[in-house]
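In case you want the letters, here they are:
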Amino acid sequence: MDLSQTQQQILNSAGHALVRGGPGSGKTTIAILKAGDLVAHEVRPTETVVFLSFSRATVARLIQALNEESTLTPSQKQSIQIDTYHSFFWGILRAHGHLLGLPRPLQLLGPAAEAIQLAEIRNEYPKDSQRSEEQEREKQDRETAEQYRLAREHGLIGFDLFAPLV
């Protein structure tokens, strides 16, 4: 593969980088090559490079690019994990949530089901535009406490708890 001078500079750079470019400019290819280079030179055999995205479409594109990349060895490819943020965190919580005292099994509490669980609290306050800052803080605190209670007592985990619990 022939890389441009800029692409080669990005590939050779150390540390974090922000890469901007339009569709088809090679951002995904460079990211995959950079991950392969990390696997080859810096990552231990038991470690992986992880790509996380909020978008399933981005995950699909990265997986496709990884599968199509002929310059990486099968071993390098196996050491690159590509997933959505939510799936990655959910896997950690399901496997290790018991270490936080969460019951087994855990269940995902989707946004609609969570709204039903929090409706009683939400109905006690004026609409968004009519709430004072103090009321908003109180409402948020009560909702957060209820989310944690649902997690601890019933194993129901909403998306808002993914990052704090992990």
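Please refer to the structure higher up on the page.
Figured I'd write up the structure that's included with this text. (Residues numbered from 1 in each chain as written. Predicted model: local features only at pLDDT ≥ 70, side-chain atom pairs only at ≥ 80, totals over all residues. Heavy atoms only, no water.)

As a rule of thumb, soluble globular proteins bury nonpolar side chains together. By size, the foremost hydrophobic cluster in this structure holds 12 residues: Ile32, Ala35, Val39, Val49, Phe51, Val59, Leu62, Ala65, Leu66, Leu72, Ile80 and Ile82. Looking at this core, the elements with two or more residues in it are α2 (27-41), β1 (49-53), α3 (56-68) and β2 (80-84). By residue number, the principal contributor to this core is α3, which donates four residues. Once you skip the residues sitting within four places of it in the chain, Val39 turns out to touch Val49, Gln76, Ser79 and Ile80. In terms of nonpolar packing, the next biggest core, distinct from the first, is built from 11 residues, Phe89, Trp90, Leu106 and Ala151 among them. (Core = buried A, V, L, I, M, F, W, Y, C linked by side-chain atoms within 4.5 Å. Buried < 20%, exposed > 50% of the residue type's maximum accessible area, 1.4 Å probe, protein only. Helix = DSSP H or I, 4+ residues; strand = E, 2+ residues; numbered from the N terminus. Contact = heavy atoms within 4.5 Å.)

This part is about the side chain of Glu114. Note on placement: Glu114 falls in helix α6 (residues 111-123). For Glu114, the residues in contact, after removing those within four places along its chain, are Leu109, Gln147, Gly158 and Asp160.

Here the focus is the side chain of Glu143. Position of Glu143 relative to the elements: it lies in helix α7 (residues 133-154). The class of Glu143 is buried, set by a relative accessible area of 5%. Residues contacting Glu143, with those up to four places away along its chain left out, are Leu118, Ile121 and Arg122.

These values are about where atoms sit, not about what they do.
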